[in-house]
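For reference, the chains in residue letters:
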Amino acid sequence: MRKPFVAGNWKMNTDSRSSVALATGVAEGSVESAGQNVDVAVCPPFVYLRAVAGAVSSSSVAVGAQDIYFEEKGAFTGEISASMLKDIGCTYALCGHSERRHVIGETDELVNKKLTAAIAGGLLPILCVGELQSEREGGQTEEVVARHVKEGLAGLSAEKVSAVTVAYEPVWAIGTGLTATPDQAQQMHAFIRKLLSDLYDNKMADAIRILYGGSAKPGNAAELMSQGDIDGLLVGGASLKAEDFLGIIQAAV
Ligand code: 13P
């Protein structure tokens, strides 16, 4: 049985005060549900990670980074390594979020290096995959998602990949209010699980968690998570209000 997992990606939002207030609200509100029946994580901007880690430290809410760099240390101005993230209490790291792929220009090769470094550094990576609207309209959805998965995980053994969570986030559904229908999302999640089974084995594919992301909110969370291959949600906008995020966590219990 895969344990549900709800993660909030705060993106470039909050400030020093509101990040701690939001984290505290999530930690307090999820005391009963988080931990036992559902894994919960919040991913604040780098500069608030430490304060947020402190705010959730006596709860079962985990902290994740929105990105990571693949080198361990040295002359890489502006970058943050896995060991630095571990050092301040991070458990997870997003790798290959679509905004990093399409706004910043990250390639599959770079995403693979980051994900590999995250695992080597003892973090649990969340590999984000998903097609653009034009790719869906052009009938390339499966091809694009398969490439993101295969190239993102390139060179990693089944044992290493068992540390990974995959997040299917169709780019056209991110921040647009357009959610993939539960059927559309389930279809892609089943496709990803079958691909993992072909690339590795059934046991690993059965155990790995695949989250959906893209305009998830309290009102659609339960229906999305009722699908057989949707193991949780990666939430953007609705993770910025404790009440909404807690509503989504409740739907996962
Ligand atoms: P929204 O929930 O705001 O659509 O964002 C989804 C996302 O990108 C999470 O990583």
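Bear in mind that the values here come from a model prediction, so they are computed numbers and not experimental data. (Residues numbered from 1 in each chain as written. Predicted model: local features only at pLDDT ≥ 70, side-chain atom pairs only at ≥ 80, totals over all residues. Heavy atoms only, no water.)

### Some words on the packing of aromatic side chains
At step 1: As enumerated under the stated definition, the model contains 4 aromatic pairs in all.
At step 2: A centroid spacing of 6.5 Å and a plane angle of 55° characterise the contact between Tyr168 and Tyr212, whose relative ring orientation is tilted. Remark: Tyr212 occurs in strand 7 (residues 210-213) and Tyr168 occurs in strand 6 (residues 165-168); sequence separation between them is 44 residues. Each member of the pair, Tyr168 together with Tyr212, is buried.
At step 3: An aromatic cluster of three or more residues is present, and its members are Tyr69, Phe70 and Phe76. (Phe/Tyr/Trp six-rings, centres within 6.5 Å; stacked < 30°, edge-to-face > 60°. Helix = DSSP H or I, 4+ residues; strand = E, 2+ residues; numbered from the N terminus. Buried < 20%, exposed > 50% of the residue type's maximum accessible area, 1.4 Å probe, protein only.)

### Focus on helix 1 (residues 16-29)
Counting along an α-helix, one turn takes 3.6 residues, and residues three or four places apart therefore face a common direction.
At step 1: Here helix 1 spans 20 Å end to end across 14 residues, near enough to the 20 Å set by a 1.5 Å rise per residue.
At step 2: Considered for burial, the residues of helix 1 that qualify are Ser19, Leu22, Ala23, Val26 and Ala27. Looking straight down helix 1, one finds that the buried residues subtend no more than 130° of arc, so they occupy a single side. Exposed residues pointing more than 90 degrees away from the buried face of helix 1 are listed as Arg17 and Glu28.
At step 3: Looking at the buried residues of helix 1, the elements they touch are strand 2 (39-43), helix 2 (49-55) and helix 12 (242-252). (Expected span 1.5 Å × (residues − 1). Arc of directions from axis to C-beta. Contact = heavy atoms within 4.5 Å.)

### Concerning the pairing of strand 1 (residues 5-9)
At step 1: Of all 5 residues in strand 1, 5 are buried; the element is thus mostly enclosed.
At step 2: Residues Phe5, Ala7 and Asn9 line one face of strand 1 and the alternating positions Val6 and Gly8 line the opposite face, and both faces are buried.
At step 3: Relative to strand 2, strand 1 runs parallel, the two being bridged by 5 bridges. Considered in strand 2, the bridge of Phe5 is made with Asp39.
At step 4: Both strand 1 and strand 8 (residues 232-235) contribute to a ladder of 4 bridges, which runs parallel. Paired with Ala7 across the strands is Leu234, a residue of strand 8. (Pairing = 2+ DSSP bridges.)

### With respect to the side chain of His148
At step 1: Residue position: His148 is located in helix 7 (residues 141-152).
At step 2: On the basis of relative accessibility, which here comes to 3%, the residue His148 falls in the buried class.
At step 3: When near neighbours in sequence (up to four residues on either side) are disregarded, His148 contacts Arg101, Asp108, Leu127, Val129 and Gly130.

### Focus on helix 9 (residues 182-199)
At step 1: End to end, helix 9 covers 25 Å across 18 residues, agreeing with the expected 26 Å (1.5 Å per residue, within 8%).
At step 2: Among all positions of helix 9, only Pro182, Ala185, Gln186, Met188, His189, Ile192, Arg193, Leu195, Leu196 and Ser197 are buried.

### Re the nonpolar core
The tendency in soluble globular proteins is for nonpolar side chains to be buried side by side.
At step 1: Counting 66 residues, the largest nonpolar core has Leu153, Val164, Ile192, Tyr212 and Leu233 as its most contacted members.
At step 2: Those residues in contact with Ile192 that sit more than four places away from it in its chain are Val129, Val145, Val149, Val166, Tyr168 and Ile210. (Core = buried A, V, L, I, M, F, W, Y, C linked by side-chain atoms within 4.5 Å.)

### Topic: the layout of surface pockets
At step 1: Of the volumes computed, that of the largest pocket is approximately 400 Å³.
At step 2: Around the largest pocket sit 15 residues that line it, and Lys11, Met12, Gln66, Asp67 and Arg100 are the ones nearest its centre.
At step 3: Per-element accounting of the lining of the largest pocket gives the leading share, 4 residues, to helix 4 (residues 98-104). (1 Å grid on protein atoms, 1.4 Å probe; cavity = no way out; pocket = protein on both sides within 12 Å on 5 of 7 lines; lining within 4 Å. Points joined across faces, edges and corners; volume = space filled by probe spheres on them.)

### Structural notes on the packing of helix 5 (residues 108-120) against helix 7
At step 1: It is at 8 Å that the axes of helix 5 and helix 7 come closest, and there the two elements cross at 45°. Considered as vectors, helix 5 and helix 7 are oriented oblique to each other. The two elements helix 5 and helix 7 cross, and the hand of that crossing is right-handed. Counted together, Asp108, Asn112 and Leu115 of helix 5 and Arg147, His148, Glu151 and Gly152 of helix 7 form the full contact between these two elements.
At step 2: Of the residues that constitute the contact of helix 5 with helix 7, the class distribution is 1 nonpolar, 3 polar and 3 charged. (Axes fitted to C-alpha atoms, helices over the stretch in contact; angles between N-to-C directions. Parallel < 35°, antiparallel > 145°, perpendicular 65-115°, else oblique. Left-handed = near helix turned anticlockwise from the far one by under 90°. Nonpolar A, V, L, I, M, F, W, Y, C, P; charged D, E, K, R; others polar.)

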